[in-house]
Amino acid sequence: MLPFSRVSIIGLGLIGSSIARAVRQSMPTVRLTGHDASAEVREIARRIDLTDDVADTPGAAVIDADLVILCVPVGAMGDVAAAIAADLPDDAIVSDVGSCKTSVAQALSAVLPEARVVPAHPVAGTEQSGPEAGFATLFRGRWCIVTPLPGSDAAATARVEEFWRRLGAEVERMAPDHHDLVLAVTSHLPHLIAYTIVGTADDLEQVTQSEVIKFSAGGFRDFTRIAASDPTMWRDVFLANKDAVLEMLQRFSEDLSQLQRAIRWGDGDALFDRFARTRAIRRSIVDQGQDDAAADFGRRHD
Ligand code: NAP
């Protein structure tokens, strides 16, 4: 039996539209309704037939839903939850896909009954945004971290987990604060570093802009992909996950100082040991199917 039969998606960007496409593929009998604050996005969603209905207001989108998934930037979750609260059917479950969980859990439980709130975070994405950037296989073989609240209904949590499994994801359960710490290291800090490096290279006066672009394959290019990620989404992530990010940034600065010291004193062994350790981490990510083993991240060179 399907975990849900009437799913509403609020926010039809990369993640929302990918969920819609994946539901159409894996649970074709589910009735899908979508809503986005942007009239232009709603128009695109109608044109590409993303969902069965596209509602003009958040309230109208949830009126007969049994699952509502909020796919808006983390900073907008509270406002959207407040906007749907009055129209939400009694038995509907509300979930989200936000990249930080403690702040979202607080924002949702402040205006919705905690038993019906089951936050989640699919750890899958690209640097693209918008309804046309989504694709049905985005979650396949990727993790979805479900972070139930102390008062979340157990059956509701199990149904949300089953929903994500049907979209092809592997599901893991975590406490919201633990999720935020793990993601601060694996996702938020790398984005901050990429934003810094690309910004620094852009500011350097000794190297011309055209040389930065021309010789970008030397490592810089991979940072530019990450640094092209949506500015609204990432502004909200750093504001919402402030404590965990600052803690990880402190550790990172200490490690960076150690490397700086090793370079200054010509300590090749320290550099070699560090680089050998990180190479092994890359191998285990590929071994666990979380990235492509092809050279240069599978880029075509023909
Ligand atoms: P996106 O492509 O920019 O889509 C977000 C959509 O939500 C936009 O169409 C936006 O409209 C709309 N929106 C903003 N505020 C709204 C509101 N109050 N009511 C209704 N719609 C609203 O972003 P995304 O990448 O799908 O990210 C959505 C969520 O997924 C975020 O919470 C993010 O943290 C999480 N997430 C992202 C990734 C990733 O790699 N991108 C991965 C996992 C989770 P406007 O364009 O008009 O603002």
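What you see is a predicted model; the values in this text were computed from it and never measured.

What about the packing of aromatic side chains?
Stage number 1. Within this structure, the stated rule accounts for four aromatic pairs.
Stage number 2. Between F4 and F163, the ring centres sit 6.1 Å apart and the planes meet at 75°, which makes this aromatic pair edge-to-face. You can see F4 sitting in the segment before β1 (6-10) and its partner F163 sitting in helix α6 (residues 154-166), a full 159 residues away along the chain. The burial state of F4 is the same as that of F163; both residues are buried.

Some thoughts on unusual backbone geometry
Stage number 1. Backbone geometry at D49 places phi at a positive 55°, although glycine is not the residue there.
Stage number 2. Assignment of secondary structure puts D49 in the loop between α2 (39-47) and β3 (53-54).
Stage number 3. Accessibility expressed as a relative area gives 47% for D49, which makes it partly exposed.

Description of the sheet that holds strand β6 (residues 120-122)
Stage number 1. Across the sheet, three strands lie side by side as β6-β7-β8; this open sheet has mixed pairing. Every other strand in the sheet has two partners, leaving β6 and β8 (170-173) as the edge strands with one partner each. Neighbour to neighbour, the strand axes of the sheet diverge by 20° on average, direction disregarded.
Stage number 2. Bridge count between strand β7 (residues 143-146) and β8: four bridges; the pairing is parallel. Pairing of W143 across the sheet is with E170, part of β8.
Stage number 3. Across the sheet, α6 touches β6, β7 and β8, and the angle it forms with β8 is around 150°.

Some remarks on the packing of helix α7 (residues 176-203) against helix α11 (residues 242-264)
Stage number 1. Where α7 meets α11, the closest approach of the two axes is 9 Å, and the angle between their N-to-C directions is 65°. The angle between the axes of α7 and α11 places the two elements in the roughly perpendicular class. Crossing hand, α7 versus α11: right-handed. Along its contact with α7, which presents D180, L181, A184, V185, H188, L189, L192 and I193, the element α11 presents A244, V245, E247, M248, L249 and F252.
Stage number 2. In terms of residue class, the contact of α7 with α11 is made up of 11 nonpolar, one polar and two charged.

Digging into the site of the ligand
Stage number 1. Close contacts around the ligand come from 27 residues, with L14, I15, D36, V72 and S99 the closest.
Stage number 2. A distance of 2.7 Å is found between an oxygen atom of the ligand and a side-chain nitrogen or oxygen belonging to D36.
Stage number 3. Contact between the ligand and A37: a nitrogen atom at 3.1 Å from a main-chain N or O atom of the residue.
Stage number 4. Compared with its free state, where it exposes 890 Å², the ligand has 80% of that area covered by protein.

Rules behind the numbers
- Residues numbered from 1 in each chain as written.
- Predicted model: local features only at pLDDT ≥ 70, side-chain atom pairs only at ≥ 80, totals over all residues.
- Heavy atoms only, no water.
- Phe/Tyr/Trp six-rings, centres within 6.5 Å; stacked < 30°, edge-to-face > 60°.
- Helix = DSSP H or I, 4+ residues; strand = E, 2+ residues; numbered from the N terminus.
- Buried < 20%, exposed > 50% of the residue type's maximum accessible area, 1.4 Å probe, protein only.
- Pairing = 2+ DSSP bridges.
- Axes fitted to C-alpha atoms, helices over the stretch in contact; angles between N-to-C directions.
- Contact = heavy atoms within 4.5 Å.
- Parallel < 35°, antiparallel > 145°, perpendicular 65-115°, else oblique.
- Left-handed = near helix turned anticlockwise from the far one by under 90°.
- Nonpolar A, V, L, I, M, F, W, Y, C, P; charged D, E, K, R; others polar.
- Near = heavy atom within 4 Å.
- Polar contact = N/O pair within 3.5 Å; in protein donor to acceptor, adjacent residues only side chain to side chain.
- Areas by Shrake-Rupley, 256 points an atom, 1.4 Å probe, with all protein chains shown as cover.

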